[in-house]
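# Breakdown of the fold
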Amino acid sequence: MKPPKHYTSFAEALKACSLFPEDQLQELVQKAHTEKLPLEKLIAAESILPPQALTCALATYYGMPPISLSPDFKVSDRLLELAPWEFWRKAKALPLEKVERFLSVAFADPSDLLMQDEVAAATRLRVLPLAAVPEELDALFNALEAKRQANNPMLAMENVMRLDEEDLEVAGGTEEKQPESLDKAIENADGAPVIRMVNMIMLEALRTGASDIHFEAMEKSSRLRYRIDGELVERPAPPKALHDAVVSRIKIMSELDIAERRVPQDGRFKIRALNKEVDIRVSILPTIHGEKVVMRTLDKSNLAPSLASLGLDPVAYEAMKYAIDQPHGIILVTGPTGSGKTTTLYSCLQDLNTPNVNIVTAEDPVEYELPGVNQVHVNQQVGLTFASVLRSVLRQDPDIVLVGEIRDGETADIAVKAALTGHLVLSTLHTNTAIGVIARLIDMGIQPFMLGSSLICAQAQRLFRRLCPVCKEPCTELDADVLRVNHIDPTLFEGATLFQPGHNPNCPKCHGSGYKGRGAIMEVLPVSESIRNLIIRGASSEELKAAAIKSGMVFLKEAGLGKVRQGVTSLQAALEVTGGED
């Protein structure tokens, strides 16, 4: 590959473009020589020049015109048909205009003469190359891909799932158990297109990090949605004609009754895909237009290995660490459904799980299998309630007991008595705040003196959406009305650089949502001697809150605004989960 005669080197082309002072250019040339890198690669890797300027310099060096492309650049479908779509994407080349036997093509890499020859051979036309900014070309390809998928939902599913059937293995499911009268239904469910479709649905969920898959029957169509970072995102769904077959396939995998469509059913199965093993928990609910399926993905690789790895504020971490280090007592974690309570408890257990302690859990259901922990699955239908399991567990000489949820007074009473008799008890409770735990347990019939003597700490938590690190943008001004309505002091953010979600629909990390991943915020109420005395004498929630403030407790709203100050999340996202908490 030889450059045009009038430029013997890329450095000479840069000098002609007046992009660097002479001394800086010489330094870059020397650095590239030392690191044994082409000069253009060094400049691109260290972002020394804007991509547009670098592309113009390369175009000058290779003797071709540069071109600027926007995501809404109009590309002729007729020209794209000159070669397969996958060819254009692999070549990182895009046809722009055809005049007689000449075809203008934008290339991301103007130095790749071999690829220019391949485009010419594929289209049987003479290629006139133009130098495009790689980032702009990628964004345009993404926009065109989205357009293709919107026009063809089934194509969207196949393009998202570029894996063969052998890339996903189902562990579980016994198709031989189904009655012979259901041969036809099983035949439909076992058809290759249906199997591939279900595999694609689950694989996309794993790739996008979805926590739940919603497959719903509408009047004239099916709807497929994924819960990603706490938000439901709609995706192209299989046609309505295949809805029953897809549901039947999921039932077979979950070992459920394929013939029963009148009552809800629950099941689970395992899949091995993307180099990991994932539990899938299945819930099927009959609706007026057909059965609705919700599948929860339980990926053990996402489970925090310890309490420290949850990324908590120092105040919350120290309070929780002190609580789990106690030899006996009860620790209660609260919050709404989907707020990460189970993850927090499992993280505590993994810190406590040593060979010299006996840990037993009672869960409904067991979400993750923890090595070295004795886990019991609560089954209300056969009378195996939390209370009955807990009674049996206490005869198993446990040191630490985890109760999945305290739902009634009987379970609460047993848990508190277990804490008073030398056991460390961890459990969850449905309240909005940490202080609300005390009133809730007293309402369940727990005597204040017993609660005050056994409670180590109460914790409330929420999951907030993290800003995408790639496309987040600085927030120059906060809405004064939002601050006023939510009773936020504007001076709280003085000296801090705040961020808001970006507006790049082609962001490779968040795909235009502006958020990627979630984190936990907590308020922890350690039961100090003063708070214990208040509980025993039956103090009101207002008195308890005043004592907590005096002790330095950080409340949920305060913790959420702290994440805003750190630039981890936006004010909007923080208020979504803490706006109603004072």
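Above: the structure in question.
The structure reproduced in this document is the subject of the present report. Since this is a predicted model, take the numbers as computed values, not measurements.

### What about helix α23 (residues 571-578)?
Every α-helical turn comprises 3.6 residues, leaving residues that sit three or four positions apart pointing alike. For α23, every residue scored as buried is listed here: L571, A573, A574, L575 and T578. Where the residues of α23 are buried, they touch β17 (455-467), α19 (480-485), β20 (515-526) and α22 (556-565).

### Brief notes about the packing of aromatic side chains
The description of an aromatic ring pair uses the distance of the two centres, along with the angle that the planes make with each other. A complete count under the given rule lists four aromatic pairs for this structure. Between Y346 and Y368, the aromatic rings sit 5.9 Å apart at their centres with planes inclined by 75°, giving edge-to-face as the arrangement. Highlighted residues: Y346 in helix α14 (residues 341-352) and Y368 in the loop between β13 (359-363) and β14 (374-377), separated in sequence by 22 residues. Of the two residues, Y346 and Y368, neither departs from the other in class, the shared state being buried. Above the ring of Y515, the side-chain terminus of R465 is found at 4.0 Å from the ring centroid. Cation over ring: K545 sits above F555, and NZ or CZ is 5.7 Å from the ring centre.

### Digging into the environment of N379
Relative to the helices and strands, N379 resides in the loop between β14 and α15 (386-393). With 82 residues separating them along the chain, N379 and Q461 place their C-alpha atoms 27 Å apart.

### Some points on the side chain of E405
Checked against the element boundaries, E405 lands in the loop between β15 (400-403) and α16 (409-420). In this structure E405 comes out as buried when scored by relative accessible area, which is 18%. Of note is the side chain of E405, whose polar atom sits 3.2 Å from the side chain of R407. Engagement of the side chain of E405 in a polar contact is seen with the side chain of H430, the distance being 3.5 Å. With near-sequence residues (within four places) excluded, E405 lies in contact with F386, T411, S427, T428 and H430.

### Re the sheet that holds strand β1 (residues 66-67)
The four strands are arranged β1-β4-β3-β2 in an open sheet whose pairing can be described as mixed. Only two strands of the sheet have a single partner each, and these edge strands are β1 and β2 (93-99). Sheet analysis places β1 next to strand β4 (residues 126-132), joined by two bridges and oriented parallel. Along β4, the bridge assignment pairs I67 with A132.

### Topic: the pairing of strand β3 (residues 102-107)
Counted residue by residue, β3 has five buried out of six residues, so it is predominantly covered. Sheet analysis places β2 next to β3, joined by six bridges and oriented antiparallel. Its bridge partner lying in β3, P95 is registered against V105. Two successive antiparallel strands, β2 and β3, enclose a turn made up of two residues, where E100 displays a positive phi of approximately 55°.

### Topic: the sheet that holds strand β12 (residues 329-334)
Read across the sheet, seven strands follow the order β14-β13-β15-β16-β12-β17-β20 without closing on themselves; strand pairing throughout is mixed. Two strands in the sheet have a free side with no partner beyond their single neighbour: β14 and β20. On average, each strand axis in the sheet is tilted by 20° relative to the strand beside it, whichever way the strands run. Pairing between β13 and β14: four bridges, direction parallel. By the bridge assignment for β14, T361 is matched with Q375.

### So, the packing of α15 against α16
Where α15 meets α16, the axes come as close as 8 Å, and the angle between the chain directions of the two elements is 20°. Compared by their axis directions, α15 and α16 come out roughly parallel. The interaxial crossing formed by α15 with α16 has left-handed handedness. Of α16, the residues touching α15 (which contributes F386, A387, L390 and R391) are E410, T411, I414 and A415. Taken together, the residues of the contact of α15 with α16 sort by class into five nonpolar, one polar and two charged.

### Points about unusual backbone geometry
One can expect most non-glycine residues to show negative phi and most peptide bonds to be in trans. For the bond running from D364 to P365, omega is -10°, close enough to zero to count as cis. Among the structural elements, P365 can be located in the loop between β13 and β14. Within the chain, D229 stands out as a residue other than glycine whose phi angle is a positive 55°. Among the structural elements, D229 can be located in the loop between β7 (222-228) and β8 (231-235). Looking at D229, the relative accessible area reads 14%, which means it is buried. Positive phi, normally seen in glycine, also occurs at H487, with a value near 55°. Relative to the helices and strands, H487 is located in the loop between α19 and β19 (499-500).

What counts and how
- Residues numbered from 1 in each chain as written.
- Predicted model: local features only at pLDDT ≥ 70, side-chain atom pairs only at ≥ 80, totals over all residues.
- Heavy atoms only, no water.
- Buried < 20%, exposed > 50% of the residue type's maximum accessible area, 1.4 Å probe, protein only.
- Helix = DSSP H or I, 4+ residues; strand = E, 2+ residues; numbered from the N terminus.
- Contact = heavy atoms within 4.5 Å.
- Phe/Tyr/Trp six-rings, centres within 6.5 Å; stacked < 30°, edge-to-face > 60°.
- Lys NZ or Arg CZ within 6 Å of the ring centre and 35° of its normal.
- Polar contact = N/O pair within 3.5 Å; in protein donor to acceptor, adjacent residues only side chain to side chain.
- Pairing = 2+ DSSP bridges.
- Axes fitted to C-alpha atoms, helices over the stretch in contact; angles between N-to-C directions.
- Parallel < 35°, antiparallel > 145°, perpendicular 65-115°, else oblique.
- Left-handed = near helix turned anticlockwise from the far one by under 90°.
- Nonpolar A, V, L, I, M, F, W, Y, C, P; charged D, E, K, R; others polar.

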